[in-house]
Amino acid sequence: MLYRRVLLKLSGEALMGQGRHGIDPAVAQRLASEIHTVASQGTQLGLVIGGGNILRGAGLASQGMNRVSGDHMGMLATVMNSLAMQDAIEKTGTDCRVMSALTIDQVCEPYSTRQAVRHLEQGRVVIFAAGTGSPFFTTDSAASLRAIEIGADIMLKATKVDGVYTADPVTNPDATLYKRISYDEALAQKLGVMDATALVLCSEHKMPLRVFNVFEAGQLGRIVDGQDIGTLVQQENQE
């Protein structure tokens, strides 16, 4: 396998399948099967999952709710998704731990970088829940932070499109796919790869990012195996 340790960022929407909200157990099980395959081949795998399939704190704030309260609710939504994925992953036979940035001892472990790395080294998948534990930060930023903290070789962002495009391919049929792009270019062109905080974190710490389509079966394994899939975002001249 090309990578020893990987941080995978899943959106909450990825768990919805064809539904409009919530979790589709069949989708969770398919993703868990791919994660099991990668983990069983020796790659250490951490996950960060969004909560948009349940609720978004920023969305609640736009409707008048206090932003801090809304963001804390969004963090709890990510815990729910993380527990669902833990269940699906463990049903494949792969050991999995959920570590939360919010203390919820009854359902998961508190986050600790040292303990997370120990879990990874022992072959367990680790799901990092509750974002950064602070309001005003997205799960993209949380994923970048955790990738850096655990010393991941690469961060993978699973999306509903094939990678980073010049424009939204859903609304613009003339949009073209980037195979390579720098962090500076992604920020300057406001391509929506991730929020600016997450991109700057990755750029400053030379954390490469690959964006790919989560709905194409087997993509995760092919990427970890070294295939050039989706879009690679990294610093200019970074090898």
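Predicted model, so just to flag it, every value in this text is computed and none were measured.

**A short note on the sheet that holds strand β5 (residues 125-129)**
Whether parallel or antiparallel, the strands of a sheet pair through hydrogen bonds between backbone atoms. Pairing in this open sheet of nine strands is mixed, and the strands run β4-β3-β5-β2-β1-β6-β10-β11-β9 from one edge to the other. Since the sheet does not close on itself, it has two edges, and those belong to β4 (109-110) and β9 (180-182), each with one partner. Sheet analysis places strand β1 (residues 5-10) next to strand β2 (residues 44-49), joined by six bridges and oriented parallel. Residue pairing for β2: Leu8 is matched across the bridge by Leu47. In the packing of helix α3 (residues 67-91) onto the sheet, the strands contacted are β2, β3 (96-100) and β5, and the crossing angle to β3 comes to about 170°.

**Observations regarding empty space enclosed by the protein**
This structure, assessed with the given rule, holds one cavity of 30 Å³ or more. Forming the walls of the largest cavity are Leu8, Leu10, Arg30, Leu31, Glu34, Ile35, Ala158, Phe212, Val214, Glu216, Gln219 and Leu220. Among the elements of the structure, β1, α1 (25-40) and α8 (219-224) are those that each provide at least two residues to the lining of the largest cavity. For the lining of the largest cavity, the residue count by class is eight nonpolar, one polar and three charged.

**Description of the layout of surface pockets**
Empty space within the largest pocket amounts to approximately 1200 Å³. Considering the residues around the largest pocket, the lining is formed by 50 residues, among which Ser11, Glu13, Arg56, Asp140 and Lys157 are closest to the centre. Take the lining of the largest pocket: its biggest share by element is five residues, from α3.

Calculation rules
- Residues numbered from 1 in each chain as written.
- Predicted model: local features only at pLDDT ≥ 70, side-chain atom pairs only at ≥ 80, totals over all residues.
- Heavy atoms only, no water.
- Pairing = 2+ DSSP bridges.
- Helix = DSSP H or I, 4+ residues; strand = E, 2+ residues; numbered from the N terminus.
- Contact = heavy atoms within 4.5 Å.
- Axes fitted to C-alpha atoms, helices over the stretch in contact; angles between N-to-C directions.
- 1 Å grid on protein atoms, 1.4 Å probe; cavity = no way out; pocket = protein on both sides within 12 Å on 5 of 7 lines; lining within 4 Å.
- Points joined across faces, edges and corners; volume = space filled by probe spheres on them.
- Nonpolar A, V, L, I, M, F, W, Y, C, P; charged D, E, K, R; others polar.

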